[in-house]
Structures are given as structure tokens and as C-alpha cells.
Amino acid sequence: MAECLFCKIVNGDIPCNIVYQDENVLAFRDINPVAPVHVLIIPKRHIQSVRDLNDENINVVTHIFNAANIIAKELGIDETGFRVVTNIGEDGGQTVLHLHYHLLGGRNLQWPPG
Ligand code: 5GP
Ligand code: ZN
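Residues numbered from 1 in each chain as written. Chains lettered and ligands numbered in written order. Predicted model: local features only at pLDDT ≥ 70, side-chain atom pairs only at ≥ 80, totals over all residues. Heavy atoms only, no water.

1. What to know about the coordination of the zinc ion (ligand 2)
Threshold: Each metal site is built from N, O and S donor atoms within 2.8 Å (3.2 Å for Na, K and Ca), and since water is not included, such sites may look incomplete. Irregular is the label for any site that misses the other tests, which are tetrahedral for four donors with all angles between 85 and 135 degrees, and square planar for four donors or octahedral for six when opposite donors exceed 155 degrees and the remaining angles lie between 65 and 115. A run of DSSP states H or I qualifies as a helix once it reaches four residues; a run of E qualifies as a strand once it reaches two. Both are numbered from the N-terminal end. Working definition: with a 1.4 Å probe on protein chains only, accessible area under 20% of the residue-type maximum means buried, over 50% means exposed, and in between means partly exposed.
Protein coordination of the zinc ion (ligand 2) is provided by C4 (SG), C7 (SG), H46 (ND1) and H98 (ND1), with donor distances spanning 2.1 to 2.3 Å. The site at the zinc ion (ligand 2) holds four donor atoms, and with the angles between them running 105 to 118 degrees, its shape is tetrahedral. Motif for the zinc ion (ligand 2), donor spacing along one chain: C-x2-C-x38-H-x51-H. Taken together, the residues C7 in helix α1 (residues 5-11) and H46 in the loop between β3 (37-43) and α2 (59-74) connect sequence positions 39 residues apart. Owing to a relative accessible area of 7%, C7 belongs among the buried residues under this scheme.

Encoded structure:
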């Protein structure tokens, strides 16, 4: 989608700090990190949110979690632990309407979130 912020990042129209990419997903540092490691993992193809996953595109979730494991290892948080979370819709706290998973780690994360 031409007007989508994360599609612009995928297309290279907006710069980002890439930590991993493959054919299906792109992962880059969050611009406003809330933990020492805060990476966003997104499908390269526009999908608005979890609500728009279906039989045809559901495989991207596998690719996202595969990337999460690779990145966690690469950034040295695989053994200390980390969190992978996606926000959905207004009450979920989703502000960018392109599916993204937050990979958080490098400190002791609290639960429940606010
Ligand atoms: P959400 O609130 O939708 O779950 O998460 C959106 C995330 O995108 C936020 O953590 C926010 O800091 C991040 N973000 C928003 N705009 C940009 C941007 O232009 N570049 C990067 N790297 N992250 C962004
Ligand atoms: Zn998009």
C-alpha cells in the first residue's frame, strides 16, 4: 500500500536500521525502543493485522517466528529470554496498520503489560 508507513520502509522510501531480512520478512530497530533490544518484524507484503491472516498468507507467521529466533540469537538474548508480541486494533494498541511483531529483550520484562 503506497500510503502505508511500513510498506514505505520495505520499499526503501523511509530509512530504517535493518537487523534481518529474507524473501518474506524484514526486521528493523524500533524508532522508539522500550527495551535494550526492540526490533519490529514485519511481512514484506502488506497485511494489516492478525485479523487479516488467512489460509493464503498464514505462512508468514512461521517466517516471522523463524526470524525472531535468528535475531534473538544474533543479538544475544536467546538464552536470557525475550518476548514476541503483536498489537491488534485500537484496544490492542496498534498504531501502525501493517502487521508487525515486537521482539523485546535485554531486560527483565514485566507482566501484565499496561
Ligand atoms: P504498534 O504501536 O502499532 O504496536 O507499534 C508500532 C511501532 O512502530 C512503535 O513501537 C513505534 O515506535 C514504531 N515506529 C513508528 N514509526 C516508525 C518508523 O518510522 N521507524 C521505525 N523504525 N519504527 C517506527
Ligand atoms: Zn503496509
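2. What about the side chain of H38?
To keep it simple, the criterion reads: Polar contact is the term for a pair of N or O atoms within 3.5 Å; when the atoms are in protein, one must be able to donate a hydrogen and the other to accept it, and sequence-neighboring residues count only if both atoms are side-chain atoms. A contact between two residues is defined here by any heavy atoms of the two lying within 4.5 Å.
Here H38 lies in strand β3. Here H102 takes part through its side chain, which lies 2.8 Å from a polar atom of the side chain of H38. Residues contacting H38, with those up to four places away along its chain left out, are F28, R29, D30, N32, P33, H102, L103 and L104.

3. Concerning the nonpolar core
Let me state the cut-off plainly: Nonpolar core, defined: a set of buried Ala, Val, Leu, Ile, Met, Phe, Trp, Tyr and Cys residues in which side-chain atoms within 4.5 Å join the residues together.
Residues V25, V39, I41, V60, I64, I71 and L99 are the most contacted members of the largest nonpolar core, which totals 19 residues. Every element with two or more residues in this core is listed here: β2 (25-29), β3, α2 and β5 (101-105). With seven residues, the single largest contributor to this core is α2. Dropping the residues within four chain positions of it, I71 is found in contact with V19, Y20, A27, V39, I41 and L103. The next biggest cluster of nonpolar side chains, apart from the first, holds nine residues, and it includes C4, I9, L26 and L40.

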